[in-house]
Amino acid sequence: DAMVIQNPRYQVTQFGKPVTLSCSQTLNHNVMYWYQQKSSQAPKLLFHYYDKDFNNEADTPDNFQSRRPNTSFCFLDIRSPGLGDAAMYLCATSRGTGSDSPLHFGNGTRLTVT
Amino acid sequence: GNSVTQMEGPVTLSEEAFLTINCTYTATGYPSLFWYVQYPGEGLQLLLKATKADDKGSNKGFEATYRKETTSFHLEKGSVQVSDSAVYFCALPLSGGYNKLIFGAGTRLAVHP
């Protein structure tokens, strides 16, 4: 009964080759987030969607884009991955935007860039 | 904006030992505070939360009290188990009441039999 599902668990891509990570949810939550977690570091918010409204964090590189075609799915596109983009990418959802709506995380996709 | 500082690890304990992981924050107002746990190979899970000053969040034997005087939200457990081995993150909203969380650096806990 996984609620936030990320595929694949492990992704290997080549330097500069576009890659897409996917996330789906069965919770019907309004908000979906993408976090980047580098080794032994805290997760860092890249952007989020509230319904179809996209909200980018100020320091998220232009190399990172996102799409949310419907409530259930959200994609993270990395246009030209560099070695520094190797990380765990975590998708999360929440029902609303208030701090009383806990985040539900997927198990993450670990991206390796060769 | 808000920020959080978390005790560095790793923390290594024997089973049944007492655990404290320190977390302090700076914030405008009194935001909700959270502890998340990340087990090996998994995403983060909400462990507990407190929504206002003096609140105590608790779950699975873990507790944390929202202390505005010391701007702290330390995580405690009286008797840890091997299954508690994980990385623990303190978190609070980036600003205001909005649900964009910032996380501390994480504290890795290893519990040995």
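All figures in this text were calculated on a predicted structure; none of them were measured in a lab.

Rules of the game
Residues numbered from 1 in each chain as written. Chains lettered and ligands numbered in written order. Predicted model: local features only at pLDDT ≥ 70, side-chain atom pairs only at ≥ 80, totals over all residues. Heavy atoms only, no water. Buried < 20%, exposed > 50% of the residue type's maximum accessible area, 1.4 Å probe, protein only. Helix = DSSP H or I, 4+ residues; strand = E, 2+ residues; numbered from the N terminus. Pairing = 2+ DSSP bridges. Axes fitted to C-alpha atoms, helices over the stretch in contact; angles between N-to-C directions. 1 Å grid on protein atoms, 1.4 Å probe; cavity = no way out; pocket = protein on both sides within 12 Å on 5 of 7 lines; lining within 4 Å. Points joined across faces, edges and corners; volume = space filled by probe spheres on them. Nonpolar A, V, L, I, M, F, W, Y, C, P; charged D, E, K, R; others polar. Salt bridge = Lys/Arg side-chain N within 4 Å of Asp/Glu carboxyl O. Contact = heavy atoms within 4.5 Å. Polar contact = N/O pair within 3.5 Å; in protein donor to acceptor, adjacent residues only side chain to side chain.

A.B. asks: Quick one: what's the story with the pairing of strand β8 (residues 73–78) of chain A, residue by residue and with numbers?
C.D. replies: Residue and element names in this part refer to chain A. Among the 6 residues of β8, 5 are classified as buried, and the element is accordingly described as predominantly covered. Here 6 bridges tie strand β3 (residues 19–25) to β8, and the two strands are oriented antiparallel to one another. The residue bridging Cys23 from the neighbouring strand is Cys74, located in β8. Direction of pairing for strand β7 (residues 64–67) relative to β8: antiparallel, over a ladder of 4 bridges. By the bridge assignment, Gln65 is partnered in β8 with Asp77. A loop of 5 residues connects β7 with β8, the two strands running antiparallel in sequence.

A.B. asks: Explain the pairing of strand β1 (residues 4–7) of chain A to me, and be specific about the residues and the numbers.
C.D. replies: Residues in a regular strand project their side chains so that they alternate between the two faces of the sheet. All names here are of chain A. Every second residue of β1 is oriented toward a common face, the buried set being Val4 and Gln6 and the non-buried set Ile5 and Asn7. Bridge analysis of β1 against β3 gives 4 bridges, and the strand direction is antiparallel. Paired with Ile5 across the strands is Ser24, a residue of β3.

A.B. asks: Residue-level account of the sheet that holds β3 of chain A, with values.
C.D. replies: All names here are of chain A. Strand order in this open sheet of 4 strands is β1-β3-β8-β7, and the pairing throughout is antiparallel. Across the chains shown, the open sheet's two edge strands, defined by having one partner strand only, are β1 and β7. On average, adjacent strands in this sheet sit at an angle of 20° to one another, irrespective of strand direction.

A.B. asks: Before we move on, can you summarise the layout of surface pockets with the specific residues and values?
C.D. replies: For the largest pocket, the calculated volume is near 490 Å³. Taken together, 24 residues form the lining of the largest pocket, with Gln37 and Ser40 of chain A together with Gln38, Val87 and Arg108 of chain B sitting closest to its centre. The set of elements that each furnish at least two residues to the lining of the largest pocket consists of β10 (86–93) and β12 (107–112) of chain B. For the lining of the largest pocket, the element with the most residues is β12 of chain B, which contributes 4 residues. Partitioning the lining of the largest pocket into residue classes produces 10 nonpolar, 10 polar and 4 charged.

A.B. asks: Any chance you could break down the pattern of salt bridges for me, citing the residues and the numbers?
C.D. replies: Taken as a whole, this structure holds 6 salt bridges over all chains when the rule is applied. Residue Asp59 of chain A pairs with Lys44 of chain A through a salt bridge whose shortest N-O separation is 3.3 Å. A residue pair is termed long-range when its members are at least 10 positions apart, and Asp59 of chain A in the loop between β6 (53–56) and β7 and Lys44 of chain A in strand β5 (residues 44–50) qualify at 15 residues. Lys44 of chain A sits in the partly exposed class, given a relative accessible area of 31%. Across the pair Lys100 of chain B and Glu57 of chain A runs a salt bridge, and its minimum N-O distance is 3.0 Å. Note that Lys100 of chain B is positioned in the loop between β10 and β11 (101–103) and Glu57 of chain A in the loop between β6 and β7, a pairing that runs across two chains.

A.B. asks: Outline the environment of Thr109 of chain A, listing residues and values.
C.D. replies: All names here are of chain A. Structurally, Thr109 is set in strand β11 (residues 109–113). It is 20 Å that separates the C-alpha atoms of Thr109 and Thr71, two residues lying 38 residues apart in sequence. When neighbours within four sequence positions are excluded, Thr109 is seen to be in contact with Gln6, Asn7, Pro8, Arg9, Gln11, Leu21, Ala87, Met88 and Tyr89. A polar side-chain atom of Thr109 sits 2.5 Å from the main-chain carbonyl oxygen of Pro8.

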